[in-house]
There are 6 protein chains.
Amino acid sequence: MPYVNIKITQDEATPEQKALLIRGVTDLLADVLDKNPATTVVTIDEVETDNWGINGESVTARRTRER
Amino acid sequence: MPYVNIKITQDEATPEQKALLIRGVTDLLADVLDKNPATTVVTIDEVETDNWGINGESVTARRTRER
Amino acid sequence: MPYVNIKITQDEATPEQKALLIRGVTDLLADVLDKNPATTVVTIDEVETDNWGINGESVTARRTRER
Amino acid sequence: MPYVNIKITQDEATPEQKALLIRGVTDLLADVLDKNPATTVVTIDEVETDNWGINGESVTARRTRER
Amino acid sequence: MPYVNIKITQDEATPEQKALLIRGVTDLLADVLDKNPATTVVTIDEVETDNWGINGESVTARRTRER
Amino acid sequence: MPYVNIKITQDEATPEQKALLIRGVTDLLADVLDKNPATTVVTIDEVETDNWGINGESVTARRTRER
């Protein structure tokens with residue numbers, strides 16, 4: 001019954017990549033802790049770049065500066 | 001001051017049902033732990049079906065398969 | 001597959017009360033959203049009173065002041 | 001490497017205010033715990049008012065009532 | 001800068017297994033989304049079995065029943 | 001009614017420092033968003049260093065290596 005939450009910034013992952021993340025995390029928990037995939041829950045939060053801060057500034061500001 | 005977070009997949013709950021969940025959780029905490037409803041916070045996260053995985057696949061894929 | 005997280009301050013709930021919270025939340029989701037109890041996950045976080053702040057002070061400080 | 005999550009109701013903060021929250025939290029962790037801003041992560045969740053409950057009702061209902 | 005949180009019940013993972021989970025999740029995010037391991041944060045919450053509910057009962061009760 | 005969660009590694013903050021974090025975050029939300037301190041909730045999670053990963057390794061391993 002593990003529960004895994006992945007937070008990434010928005011527009012970074014396609015549906016296919018999100019499927020790979022879900023598959024990969026579920027397999028990892030099965031391999032390492034013998035967890036049953038049928039009860040392994042994975043959720044992905046996609047956070048707007050205005051709403052994600054690193055080094056005291058938003059990712060929006062950081063990417064604008066780095067352009 | 002309890003804080004409760006409910007995660008469900010998107011488009012599953014109407015505003016009325018969400019109001020029932022908020023009311024129900026608040027009453028439960030008042031009944032069981034004598035918590036003051038005025039400081040009981042409940043948030044509901046509605047997660048896209050691409051972003052919710054169970055049994056190694058997304059809910060989108062699972063529902064498509066089951067149709 | 002709902003996932004519910006309940007945060008309360010530490011030493012507030014006995015095992016019996018926690019069982020009532022788990023039962024109550026699961027029944028609520030079954031009643032309101034017809035969710036399957038078998039895949040409804042509930043976790044309870046018990047937070048130390050030094051680590052819970054309200055109105056700018058910790059619960060420890062608040063309770064000491066109110067004694 | 002602190003990780004801070006701020007939950008507020010939707011449409012309450014402009015990009016500029018969110019930038020101030022990110023800056024403020026990062027500075028606070030640097031000042032109080034000497035944390036490196038470069039590895040301090042802050043995320044802001046903006047929750048719909050239907051999805052935020054206080055005192056057993058949603059913020060939507062509360063604000064409608066108070067108008 | 002992804003942030004991943006893994007919740008498992010307590011006493012299920014040794015330090016070595018937790019290290020494998022951290023390594024595995026970080027590699028997965030590097031492989032799938034080309035994320036920089038240096039800024040990928042993984043936290044593991046170990047939840048007491050009284051505090052984890054599935055199918056309306058705590059894991060403690062469930063395991064006692066299944067013994 | 002903002003809800004703020006701060007995750008730091010264990011044994012990094014004294015009760016006094018945690019009180020400063022609670023005070024600081026509450027004041028920040030009052031200053032920036034005019035939020036009422038009386039309904040601003042702050043929780044601090046202290047995570048064991050085995051349970052916090054950065055750059056694919058646990059903080060325990062990283063600190064041992066850096067000694």
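Residues numbered from 1 in each chain as written. Chains lettered and ligands numbered in written order. Predicted model: local features only at pLDDT ≥ 70, side-chain atom pairs only at ≥ 80, totals over all residues. Heavy atoms only, no water.

Trainee: Give a detailed account of the arrangement of the chains, specifying residues and quantitative values.
Mentor: Separated without contact, chain C and chain D have their nearest C-alpha atoms at a distance of 14 Å. Left apart from each other, chain A and chain F have a closest C-alpha approach of 14 Å. (Contact = heavy atoms within 4.5 Å.)

Trainee: Describe in detail the interface of chain E and chain A, supporting the description with residues and values.
Mentor: Chain E puts 24 residues into the contact, and the matching count from chain A is 24 residues. Taking both partners together, chain E and chain A bury about 2100 Å²; carbon and sulfur atoms supply 76% of that area. Contact with chain A buries surface across chain E, with Met1, Val32 and Leu33 of chain E losing the most and accounting together for 27% of the total. Linking chain E with chain A are 2 salt bridges. Across the pair Glu12 of chain A and Lys35 of chain E runs a salt bridge whose closest N-O atoms are separated by 2.5 Å. At the junction of chain E with chain A, the criterion picks out 7 residue pairs in polar contact (both at pLDDT 80 or more). Mapped by element, the contributors of at least two residues to the side of chain E that touches chain A are β1 (3-9), α1 (15-33) and β3 (52-54) of chain E. Taken together, the residues of the side of chain E that touches chain A break down into 17 nonpolar, 4 polar and 3 charged. Two strands pair when backbone bridges link them, and strand β1 (residues 3-9) of chain A and β1 of chain E are joined in this way by 5 bridges, in the antiparallel orientation. What sits directly across from Val4 of chain A, in β1 of chain E, is Ile6 of chain E. (Buried area = accessible area lost by both parts, 1.4 Å probe. Salt bridge = Lys/Arg side-chain N within 4 Å of Asp/Glu carboxyl O. Polar contact = N/O pair within 3.5 Å; in protein donor to acceptor, adjacent residues only side chain to side chain. Helix = DSSP H or I, 4+ residues; strand = E, 2+ residues; numbered from the N terminus. Nonpolar A, V, L, I, M, F, W, Y, C, P; charged D, E, K, R; others polar. Pairing = 2+ DSSP bridges.)

Trainee: Could you give an account of the sheet that holds strand β2 (residues 41-47) of chain B, with specific residues and numbers?
Mentor: Spatial ordering of the open sheet is given by β4(D)-β3(D)-β2(B)-β1(B)-β1(C)-β2(C)-β3(E)-β4(E), a layout of 8 strands whose pairing is mixed. Since the sheet does not close on itself, it has two edges, and those belong to β4 (57-58) of chain D together with β4 (57-58) of chain E, each with one partner. Pairing between β2 of chain B and strand β3 (residues 52-54) of chain D: 3 bridges, direction antiparallel. Residue pairing for β3 of chain D: Thr43 of chain B is matched across the bridge by Trp52 of chain D. Those strands touched by helix α1 (residues 15-33) of chain B are β1 (3-9) and β2 of chain B, β1 (3-9) of chain C together with β3 and β4 of chain D, and its axis lies near 140° from that of β2 of chain B. (Axes fitted to C-alpha atoms, helices over the stretch in contact; angles between N-to-C directions.)

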